[in-house]
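Take a look at the letters that make up each chain.
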Amino acid sequence: MPAPRPTTPRQAVDAVRPVVLTAFRIVVGLLFACHGAASLFGVLGGAKGGGTVPLGQWPGWWAALIQLVGGALVLLGAGTRVAALLCSGSMAYAYFTVHQEHALLPIQNGGELSVMFCWSFLVIAALGSGPYALDRLLTRQPVAASAEPAAQQTSAV
């Protein structure tokens with residue numbers, strides 16, 4: 001039996017929420033992984049316009065490793081909450097140690113990307129991977145179960 005069609009704008013938004021969360025996780029994870037790959041392997045333009053970060057250099061090489069591995073895990077939806085929290089923390093560290101010393105606001109100190117990644121990963125850590133992720137396959141949770149809390153919230157409001 002097909003799902004009933006949404007009759008209100010709120011129902012329509014609630015119906016696409018799982019797909020939007022999954023798409024957001026995939027895009028943020030992909031962009032972060034690409035950023036790490038550029039710094040580690042010199043692909044996609046390389047680190048800061050060309051080249052790579054020297055092996056083992058603190059904190060650049062380690063940050064790039066977190067970007068590549070953490071971004072890939074978030075992209076795939078595997079260990080999503082932990083990986084996203086680690087990625088968020090690494091971007092907070094980057095902002096406060098690299099950008100903050102130059103000026104107060106991100107627009108002034110070039111830290112917009114760090115701030116956006118930090119908060120994006122914090123949202124992913126809080127909301128989880130969404131229904132379409134390896135986390136769901138590995139824990140054998142059905143996709144329909146993830147939509148249940150949203151349905152309960154809608155009926156309670």
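Please refer to the structure placed before this passage.
Anyway, here's the lowdown on the structure attached to this text. Predicted, not measured: the structure shown is a model, and the values here were computed from it.

## Considerations on the overall build of the protein chain
Looking only at helices and strands, the protein chain has seven helices and zero strands in total. Long-range pairs, those at least 24 residues apart, make up 64% of the contacts in the protein chain with a sequence separation of at least 6. On the protein chain, roughly 9800 Å² of surface is accessible, and the fraction owed to carbon and sulfur atoms is 72%.

## With respect to the pattern of salt bridges
Tallying each qualifying case throughout the model produces two salt bridges. Among the ionic pairs, Arg10 bridges to Asp14, the shortest N-O distance being 3.9 Å. Here the residue Arg10 and the residue Asp14 both occupy positions in helix H1 (residues 9–41), the gap between them amounting to four residues, near one helical turn. On the accessibility criterion, Arg10 (45% relative accessible area) is partly exposed.

## As for the nonpolar core
Core analysis: the biggest nonpolar cluster contains 13 residues, and Phe32, Val74, Ala84, Met91, Phe117, Phe121 and Ile124 have the highest contact counts within it. Mapped by element, the contributors of at least two residues to this core are H1, helix H3 (80–99) and helix H5 (112–127). One finds Leu40, Ala47, Val53 and Trp61 within the second-largest nonpolar core, a separate group that totals five residues.

## What about the environment of Leu113?
You can see Leu113 is positioned in helix H5. Leu113 sits 18 residues away from Tyr95 along the chain, and the two C-alpha atoms are 9.0 Å apart.

## What to know about the side chain of Ser39
Within the element layout of this structure, Ser39 appears in helix H1. Filtering out sequence-adjacent residues up to four positions away, Ser39 remains in contact with Ala47, Thr52, Val53, Ala64 and Gln67.

## A short note on H1
Along an α-helix, residues three or four positions apart point the same way, because every turn accommodates 3.6 residues. Under the 1.5 Å per step criterion, the end-to-end length of H1 is 46 Å for 33 residues, consistent within 8% with the ideal 48 Å. Its maximal kink placed at Arg17, H1 deviates by approximately 45°, while the proline Pro18 follows within four residues. At the C-terminal side of H1, Gly42 shows a positive phi close to 75°.

## Focus: the packing of helix H2 (residues 60–76) against H3
Viewed as axis vectors pointing N to C, H2 and H3 meet at an angle of 145°, and their least axial separation amounts to 9 Å. In the packing of H2 onto H3, the handedness of the crossing is left-handed. Contact residues: Ile66, Gln67, Gly70, Gly71, Leu73 and Val74 in H2; Thr80, Ala83, Ala84, Leu86, Cys87, Ser90 and Met91 in H3.

Conventions and cut-offs
- All residue numbers refer to position in the chain's written sequence, counted from 1.
- Totals for whole chains, interfaces and linings use all residues, but because this is a predicted model, local features are given only for residues with pLDDT of at least 70 and pairs of side-chain atoms are given and counted only at 80 or more.
- Just so you know, side-chain values use all the structure's heavy atoms and leave hydrogens and water out.
- Only runs of H or I of at least four residues qualify as helices and only runs of E of at least two qualify as strands under DSSP, and these elements are numbered from the N terminus.
- Residue contacts are defined here by distance: any two heavy atoms, one from each residue, within 4.5 Å place the two residues in contact.
- Residue burial considers only the protein chains on display, and all accessible areas are found by Shrake-Rupley using a 1.4 Å probe.
- Every case where a carboxyl oxygen of Asp or Glu lies within 4 Å of a side-chain nitrogen of Lys or Arg is listed as a salt bridge.
- Only protein chains enter the accessibility calculation, which uses a 1.4 Å probe. A residue is then buried if its area is under 20% of the maximum for its type, exposed if over 50%, and partly exposed in between.
- By convention a nonpolar core is built from buried Ala, Val, Leu, Ile, Met, Phe, Trp, Tyr and Cys residues, the set being connected through side-chain atoms within 4.5 Å.
- Multiplying 1.5 Å by the helix residue count minus one yields the expected span of that helix.
- To obtain the bend at a residue, axes are fitted to the seven residues ending there and to the seven starting there, and the angle between these axes is taken.
- Axis geometry follows a simple rule: fit a line to the C-alpha atoms, using only the stretch in contact for helices, then measure angles between N-to-C directions, giving values from 0 to 180 degrees.
- Crossings are classed by handedness, with left-handed meaning an anticlockwise turn of the near helix from the far one by less than a right angle and right-handed meaning a clockwise turn.

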